[in-house]
Each structure stands twice: as C-alpha cells, then as structure tokens.
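# Working through the structure, step by step
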Amino acid sequence: MQFEFRTTDPIVVTGLGTVSPLGVGVKNNWRRLIAGQSGIGANTRFDVTEFGSKIAGLVPSKAESPDGFDPLDFMDRKDIRKTDLFIHYAIAATEEALQQAGWKPDSDDQKARTATIIGTGIGGLPVITNAVETLAEKGPRRLSPFVVPAFLPNLAAGHISIRHGFAGPIGTPVTACAASTQAIGDGMRLILSGETDVAVCGGSDACVDPVGIGGFGAARALSTNFNETPETASRPFDKQHDGFVLSEGAATIIIERLSHARKRGAQPLAILAGYGTSADAYHITAGRPDGSGGAFAMNLALEMAGVKPQDIDYVNAHSTSTPVGDAAEITALRSVFQDRGKDLPVTSTKSATGHLLGAAGAIEAVYSIMALQNNIIPCGLNIDDPEPNADIFDLVANTPMEKQLNTVLSNSLGFGGVNACLVLKRFV
C-alpha cells in the first residue's frame with residue numbers, strides 16, 4: 001500500500017548542489033565529468049615527503065580555477081575561523097541546492113516541516129589534528145573554545161539548520177562511505193512517515209590531512225603506484241587498481257513530495273524511487289567476498305522502487321579502485337543482474353573524483369540525476385585492462401556513452417559493512 005501511494009505522489013528531487021575536486025557547482029562538475037577530466041592531482045595540502053600516497057582529490061581554489069572554491073562566497077570570515085572545511089563545503093553545496101529548488105521557507109510551519117540530514121564519514125579531522133598539535137606544543141590554554149563545535153560531525157547539519165531556520169528533524173549518519181546515501185534515505189523515510197515535507201540531505205568530508213592520508217595509508221587502502229601520474233590513479237575495474245584516492249567535497253539534494261513541489265511551483269529533476277540498506281556483519285574494512293550484503297541492499301532498493309533488474313539502465317557503482325572492494329561489488333552486481341551482460345552499463349564516477357568518503361554517495365546521486373536528465377553515461381576513466389569479472393558488463397571505458405536512461409541504481413558500500421543503494425527515475 002505504501003509503494004502504491006508513493007507511485008501516485010512520488011518523492012522528487014528539486015535541487016542539487018556540489019563542491020568537489022572537479023570544482024564548485026553542478027554544471028561545472030557535469031561539464032568536466034562528461035569531458036573525461038580528472039580532479040585528482042598532487043597533494044599540495046601538506047608536506048607528503050614521508051607518505052606513500054602523494055596524491056589527492058582536492059577542491060580547487062579560485063586562484064587555481066575560475067570554478068574553484070572560496071568560502072567567503074558563502075560565509076563571513078568570523079564563521080570561517082570557527083568551523084572546519086567540511087562544514088564550509090556543506091554550506092556551499094546546500095546554498096546551490098536550495099537556490100535551484102527555490103526553497104526559502106518564511107513561515108514557522110514551513111521551517112518546522114523542513115528536515116536537515118547531512119552525513120559525513122569522519123567530520124572535522126583537520127581541526128582535530130591541529131588541536132592535538134596545539135595541545136602538545138603549547139598546552140590546553142591555547143586551544144580555541146570553538147575546537148569541539150568545529151569538528152563535531154553533526155555541525156554541518158547544525159550550521160545549515162541555523163542559517164536557514166530549518167526546525168524540523170535533524171540528523172547526521174556517520175557511516176563511512178555510505179553516510180550521505182543513508183542521509184538521503186533517512187530524508188526519504190521522514191517524508192514517507194509524514195514527519196516532514198522537505199528534506200535537505202547529503203554529505204560532506206574534508207579529511208585530506210596527515211592523519212587522514214597516514215591512517216588510510218597504514219591500512220594499505222590508498223593508491224601509491226601512480227604518484228607521478230595522479231590522474232591515472234583512480235581506476236575502478238581495471239587490473240592495475242591498487243587503492244583509492246582520498247578526496248574531499250560535498251553534495252546536497254532537496255527532496256519532497258511531487259504534490260508539494262507542484263503546489264509551490266518547483267521543477268522536479270528526478271524521482272527518488274527506492275532506497276535499500278543493509279549490514280554485511282562481516283569485517284570492519286572488507287565487504288563480504290560473495291557480495292551478499294551489497295546485493296541485499298540493491299534488491300531492497302529495487303523492490304521499494306517497484307522495478308526489476310532488467311529495468312535498470314545504468315549502475316553508478318560504489319567501486320573505489322581497491323582490488324578487494326571492486327571484486328566484492330562486482331560479485332554483488334553479478335548476483336543481482338545475473339541475466340544482464342553488455343547491455344548494462346556499469347561505471348564508477350570515482351574514477352574522475354577519487355573517493356569523497358561520506359560525501360561520495362550524495363555526489364554520485366547528483367551525477368546519476370544528471371545522467372538521467374542528459375541521457376549520457378559518464379565514462380569509467382583509466383580502464384586499460386579491465387578485470388574479467390567486471391568486463392561482463394559495459395564498463396563505458398574512457399569515452400562517455402549516449403543512451404536513453406529511465407532508471408538508474410547508485411551504490412554506496414562503506415567500512416564496517418554498511419551498504420546503501422538508491423534507485424532514481426527520470427521525471428516525465
């Protein structure tokens with residue numbers, strides 16, 4: 001009954017916003033993505049001499065690119081000093097999404113019916129790193145009173161809520177790489193339950209600092225074989241993949257019922273049709289080799305959307321370019337789409353952006369929506385010698401594909417065995 005009700009009045013996406021290594025803004029991101037450009041380069045954030053991985057997906061500054069990021073475009077200097085970079089990115093992405101959606105509630109009732117759900121993988125790691133250094137070198141009296149509010153994971157959502165007066169439910173999934181997909185799913189559930197009319201949801205992370213690079217490096221999760229050619233380092237489904245590229249950024253989407261959007265004259269961009277989430281209950285960093293946890297989440301999302309595997313026109317895979325993770329997801333995809341082959345395009349847009357951790361799912365949802373709107377599938381970069389198990393699907397190697405798209409699956413599979421998947425449909 002719930003699914004039937006959703007069919008008659010579906011949840012739609014009305015606003016998108018992004019900050020990523022490809023630049024600021026959805027149009028800039030999409031232009032560079034379908035041009036096959038990479039946002040990965042040398043890590044200039046700090047001295048990487050002693051680190052194995054010397055590359056990263058950094059958000060460019062305006063000095064580096066006209067499409068780059070300047071926090072002063074979104075915040076005043078006082079607030080910038082009090083907050084971590086992941087909060088800056090979240091505020092910027094949300095401003096763009098709200099502007100496109102045209103959602104500026106002025107009544108108390110509208111504000112109370114607006115939820116804010118912004119996930120993150122880690123939160124303000126650079127602030128924590130710097131605070132520890134200050135504590136060791138100068139003592140506790142030199143710590144800023146804003147240290148804790150600057151790094152708390154929920155403060156991206158908190159600042160957005162405060163800036164816009166959104167007084168509805170607020171939340172912050174902190175579920176590694178699945179955080180922002182779960183944020184979107186949580187927003188969807190709040191609308192389905194009738195608790196809210198509009199959900200501002202997404203994710204943000206900015207952990208390219210010595211602890212972030214050093215920690216993931218110690219876990220042997222990062223790419224180290226392509227330091228001289230950073231743009232070739234992120235290579236999901238290619239035999240030479242040797243780890244992910246740590247990146248940063250944020251993405252926000254605005255969702256609401258179609259009836260609510262029409263009543264206020266908003267333009268739907270896509271239908272958020274299905275959501276599924278599960279736990280592998282297996283290992284802290286590796287998914288189940290048989291892909292069963294991921295497959296379960298995909299099937300849940302398909303069931304909620306009322307579609308079958310043969311209805312999916314494109315899969316934006318989670319695959320981060322780690323051999324173990326890529327293999328598990330392909331096994332899951334082969335389980336779900338066992339009757340499909342080269343007619344199913346499967347790519348990972350992380351080949352262009354690197355891995356945005358808790359922001360990855362939201363930005364990939366944005367890219368999936370743009371694919372639906374433009375009937376273009378972003379290519380999988382750096383696929384020179386594809387993994388045989390993955391090559392049963394169309395990996396759209398190195399050149400974008402034009403194809404009529406009606407239904408897309410977007411996957412997020414995180415550390416701790418968290419799986420979260422979205423089904424997005426074309427709005428007609």
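You'll find the structure just up there.
So, here's what we can say about the structure. Throughout, residues of each chain are indexed from 1 in the direction in which the sequence is written. Predicted model: local features are reported for residues with pLDDT of at least 70 only, side-chain atom pairs are reported and counted for 80 or more only, and whole-chain, interface and lining totals are derived from all residues. Side-chain measures were taken over the full set of non-hydrogen atoms in the model, leaving aside hydrogen atoms and water.

### Here's the deal with the environment of Asn-398
Our working rule: Strands are runs of DSSP state E lasting at least two residues, helices are runs of H or I lasting at least four, and both sets are numbered from the N terminus onward. Contact definition: two residues touch when any of their heavy atoms are within 4.5 Å.
Position of Asn-398 relative to the elements: it lies in the loop between β12 (376–377) and β13 (401–402). In sequence terms Asn-398 and Leu-381 are 17 residues apart; their C-alpha atoms lie 4.8 Å from each other. Setting aside anything within four residues of it in sequence, one finds Asn-398 in contact with Cys-379, Gly-380, Leu-381, Asn-382, Ile-383 and Asp-384.

### Points about the pattern of salt bridges
Where we set the bar: By convention in these notes, a salt bridge is any Lys or Arg side-chain nitrogen within 4 Å of a carboxyl oxygen on Asp or Glu.
Summed over the entire model, instances satisfying the criterion amount to twelve salt bridges. Because the salt bridges share partners, they merge into one network encompassing Arg-235, Asp-238 and Asp-384.

### Regarding the packing of helix α4 (residues 85–101) against helix α8 (residues 155–164)
Applied cut-off: Each axis is a line fitted through C-alpha atoms, taken for helices only over the stretch in contact, and angles between the N-to-C directions span 0 to 180 degrees. Any angle between 65 and 115 degrees counts as roughly perpendicular, while under 35 counts as roughly parallel, over 145 as roughly antiparallel, and the rest as oblique. Two helices cross in a left-handed way if the nearer one is turned anticlockwise from the farther one by less than a right angle. They cross in a right-handed way if the turn is clockwise.
Contact geometry for α4 and α8: axes closest at 9 Å, N-to-C directions at 45°. In terms of orientation, α4 and α8 fall into the oblique class. Regarding α4 and α8, the two cross each other, and that crossing is right-handed. Facing α4, whose interface residues are Phe-86, Ile-87, Ala-90, Ile-91, Thr-94, Glu-95 and Leu-98, α8 presents Leu-155, Ala-156, His-159, Ile-160, Arg-163 and His-164.

### A short note on the side chain of Asp-238
Rules: Any pair of N or O atoms that falls within 3.5 Å is considered a polar contact. Within protein, one atom must be able to donate a hydrogen and the other to accept it, and sequence-neighbouring residues count only if both atoms are side-chain atoms.
Along the chain, the position of Asp-238 falls in the loop between α10 (210–218) and β8 (249–257). One polar contact links the side chain of Asp-238 to the main-chain amide nitrogen of Asp-384, over a distance of 2.7 Å. There is a polar contact of 2.6 Å between the side chain of Asp-238 and the backbone nitrogen of Asp-385. Those residues in contact with Asp-238, other than ones at most four positions away along the chain, are Asn-382, Ile-383, Asp-384, Asp-385, Pro-386 and Glu-387.

### A look at empty space enclosed by the protein
Operational definition: Here the term cavity refers to a set of points on a 1 Å grid, laid over the protein atoms alone, in which a 1.4 Å probe fits but cannot get out; the term pocket refers to an open set having protein on both sides within 12 Å along at least five of seven lines, with lining residues being those that place an atom within 4 Å of a point. Grid points are joined across faces, edges and corners, and a volume is the space filled by probe spheres set on the points. Residues are sorted three ways: Asp, Glu, Lys and Arg are charged, Ala, Val, Leu, Ile, Met, Phe, Trp, Tyr, Cys and Pro are nonpolar, and all the rest, Gly among them, are polar.
Applying the stated criterion to the full structure yields one cavity of 30 Å³ or more. Lining the largest cavity are Pro-236, Phe-237, Val-346, Thr-347, Ser-348, Ser-351, Gly-380, Leu-381, Ile-383 and Leu-395. Looking at the lining of the largest cavity, its residues break down into six nonpolar, four polar and no charged.

### Some words on α4
The criterion, for reference: Here a helix's expected span is defined as the number of its residues, less one, multiplied by 1.5 Å. Exposed residues in this analysis have more than 50% of their type's maximum accessible area, buried residues have under 20%, and partly exposed residues fall in between, with area computed by a 1.4 Å probe over protein chains only.
Taking 1.5 Å per residue as the helical rise, α4 with its 17 residues ought to reach 24 Å, and the 25 Å between its terminal C-alpha atoms agrees with that figure. Most of α4 is tucked away: twelve of the 17 residues are buried. Along α4, the positions that sit buried rather than exposed are Phe-86, Ile-87, His-88, Tyr-89, Ala-90, Ile-91, Ala-92, Ala-93, Thr-94, Ala-97, Leu-98 and Ala-101. Its side-chain oxygen at 3.0 Å from the backbone nitrogen of Phe-86, Asp-84 defines the N-terminal cap of α4. One or two residues past the end of α4 sits Gly-102, with phi positive at roughly 70°.

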